[in-house]
Amino acid sequence: MRMIRAEALKLRRRRGLMIWSVILTIGVIATVEAVLVVLHAVNAAHHGPAGGESNFRGATETLALLGTVTAILIGATAGSQDVANGVFRDLVVTGRKRSTLFNVRIPGALIVLLPMVLIAFAVAIAFAFLFAGDLPAPSGSLVGREFVYVLAFALVNLVMAIGFAAFVSARIVIGVLIAWNTAVTHILISFHTLGSARKLIDVAAIEHFLPGASSGQRVNMTTATAIIVLLAWAGIFSGAGRWWTTRRDA
Amino acid sequence: METVIETHALTKKFGARIAVNGVDLTVPAGVAFGFLGPNGAGKTTMIRTLLGLTQPTSGDVALLGLPQPAKRAEALARVGAIVEEPKFHPHLTGRENLKIVAAARDRAAEGRIADSLERVGLAHRADDRVKTYSLGMRQRLGIARCLLADPALLILDEPMNGLDPAGILEMRRLIRAFVDEGRTVFLSSHLLDEVEKTCDQVAIVDLGVVVVQGAVGEIAAQGDPTLLIEIDDPAAARNVLGGEPRVTHVEEEGASSLRLTLGDGLVPAEINRALVNAGVAVSRLEPARATLEETFLTITSRLEDHE
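We now turn to the structure provided with this report. (Residues numbered from 1 in each chain as written. Chains lettered and ligands numbered in written order. Predicted model: local features only at pLDDT ≥ 70, side-chain atom pairs only at ≥ 80, totals over all residues.)

Section: the overall build of chain A
Within chain A, the secondary structure is distributed over 10 helices and 0 strands. For chain A, the α and β elements follow one another from N to C terminus as α-α-α-α-α-α-α-α-α-α. Whereas a compact globule of 250 residues would reach a radius of gyration of roughly 18 Å, chain A reaches 20 Å, a difference of no more than 12%. Dimensions of chain A along its principal axes, counting C-alpha atoms only, are 65 × 45 × 25 Å. (Helix = DSSP H or I, 4+ residues; strand = E, 2+ residues; numbered from the N terminus. Rg over C-alpha atoms; globule rule 2.2 N^0.38 Å.)

Have a look at this one:
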């Protein structure tokens with residue numbers, strides 16, 4: 001637990017990272033919701049209520065995307081900062097197992113990321129209910145599925161970024177994973193000729209949890225398959241990162 | 001005597017290049033041990049291999065009597081080390097950097113943070129970010145980090161690097177204080193003078209091979225005797241000395257002084273007699289104390305290259 005807290009401390013003290021993380025999660029959701037409230041207040045005829053089910057979906061999809069970017073930023077930093085700052089060897093000579101030095105990065109980064117995503121999600125729920133007006137408020141089941149979707153997107157990418165950052169610099173990790181999530185996977189998913197092989201794509205598995213997506217947007221798979229695919233992606237990246245951390249020269 | 005570091009036939013290769021070549025090293029407990037060698041001799045690779053930062057190609061290592069890597073965690077729990085330049089997270093304060101490492105050590109380590117900072121004279125800057133520290137302050141913070149382990153053995157790689165004269169003096173005092181407390185300090189250096197002033201024992205390494213090891217005084221005495229003479233006519237004196245084959249080396253030591261290296265049983269009185277007989281006035285004739293530097297230059301390959 002002391003090592004996990006130490007990992008979180010290393011991340012929390014990075015002002016730039018923390019400011020951007022708050023902006024990308026809580027900041028964006030709160031700002032967009034506030035703008036919708038103001039627009040509705042100023043001109044209710046042209047702008048509907050800020051809350052309700054459809055606005056909630058829009059907010060959580062934005063949060064899923066930006067929360068993932070935040071997860072990649074935090075994960076890439078958590079996975080690379082010891083080596084980048086030349087401190088890794090000083091941790092190795094404490095006698096701690098290298099695998100432990102790697103493993104604590106995941107909960108350490110999670111402690112930093114999770115509150116931001118949860119607060120942003122809570123803001124989205126609050127606006128959805130408080131400013132629903134005459135629109136239907138989101139159901140409990142929708143809130144639950146959106147929550148799983150946002151969380152799965154962020155957590156899988158956090159673990160992938162931490163594992164990947166054991167091999168390459170944070171900048172490369174950030175560039176590659178953002179490109180993978182925003183462009184490459186969507187292109188691959190659109191290739192119907194790939195057939196059921198598309199089930200192996202992490203974004204396809206995550207989108208299984210996206211409520212209300214049309215069948216044309218998603219690759220059909222069972223929930224169990226989606227969970228296995230996501231666990232496999234997280235496991236492969238974290239396993240590879242751990243393997244390299246235990247073998248690299250310090 | 002108890003040993004804190006023991007290696008047998010320790011070898012580390014990088015491809016075809018041999019960085020550490022079959023090293024047998026024994027470091028006794030409770031001394032300052034200098035690991036002396038020119039840049040590129042393999043000192044840092046040896047230290048990295050001792051600490052398990054890189055895997056040896058072959059050979060055995062024991063730290064604090066515990067075989068490595070089998071008892072690695074047990075041994076390193078009582079070892080503090082600075083490898084190359086001490087590095088820290090620059091965005092964290094000195095105290096926070098120590099907290100990070102203390103978290104990876106035993107529970108008592110966190111309680112040692114304040115004392116360690118006080119010991120190295122950094123208590124007043126402990127809450128400043130490390131990126132504002134000078135190199136000397138980072139060296140001291142590195143020592144504080146070592147002290148978190150309450151180490152029986154400190155391994156310091158070139159600890160005097162980048163320090164000003166006052167910093168070097170302070171570091172020397174710290175090292176001697178650690179030895180007085182019963183700790184062992186293993187320090188690598190290419191600074192002969194510092195090793196001679198700081199260490200009790202020394203191993204001289206070159207091209208990955210430990211050439212000699214033992215007490216500093218004993219090793220320094222291994223070189224040929226040298227003689228410092230002050231004369232009225234250095235040119236004439238050189239002529240006289242040139243005719244004596246047992247004078248193996250002559251070099252100028254100022255306008256009217258020469259330093260001679262005597263070989264094959266030649267004694268100072270014979271030099272004096274030869275010079276006086278040739279009409280050279282000798283105003284001073286002093287057997288010079290052999291220094292570690294002379295021994296070092298004699299036995300390392302650098303001297304061979306120079307010749």
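On we go.
A short note on the interface of chain B and chain A
In this assembly, 24 residues from chain B lie in contact with 22 residues from chain A. When residues of the side of chain B that touches chain A are traced back to their parent elements, those giving at least two are α2 (72–76), β6 (79–82) and α3 (94–104) of chain B. (Contact = placed C-beta atoms within 7 Å.)

Overview of the sheet that holds strand β14 (residues 282–288) of chain B
All names here are of chain B. As summarised here, the arrangement of the 4 strands in space is β12-β13-β11-β14, forming an open sheet in which the pairing is antiparallel. Either end of the sheet is taken by a strand with one partner, and the two such strands are β12 (247–252) and β14. On average, each strand axis in the sheet is inclined to that of its neighbour by 20°, with strand direction left out of account. The sheet contact formed by β12 and strand β13 (residues 257–262) spans 5 bridges and is antiparallel. (Pairing = 2+ DSSP bridges. Axes fitted to C-alpha atoms, helices over the stretch in contact; angles between N-to-C directions.)

Quick look at the sheet that holds strand β4 (residues 58–63) of chain B
Residue and element names in this part refer to chain B. Read from one edge of the open sheet, 4 strands run β2-β1-β4-β5, paired in antiparallel fashion. In this open sheet, the two edge strands, each paired with only one partner strand, are β2 (17–28) and β5 (66–68). For this sheet, the mean inter-axis angle between neighbouring strands, taken without regard to orientation, is 20°. Here β4 runs beside β5; their pairing, made up of 3 bridges, is antiparallel. Directly across from Leu63, in β5, lies its bridge partner Leu66.

Remarks on the pairing of strand β9 (residues 201–206) of chain B
Residue and element names in this part refer to chain B. Most of β9 is tucked away: 6 of the 6 residues are buried. Of the two faces of β9, both are covered, the one formed by Gln201, Ala203 and Val205 as well as the one formed by Val202, Ile204 and Asp206. Sheet topology places strand β3 (residues 32–36) next to β9; 4 bridges connect them, and they run parallel. Residue pairing for β9: Leu36 is matched across the bridge by Ile204. (Buried ≥ 20, exposed ≤ 12 C-beta atoms within 10 Å, placed from the backbone.)

Bear in mind that shape data such as this cannot, by itself, settle questions of function.
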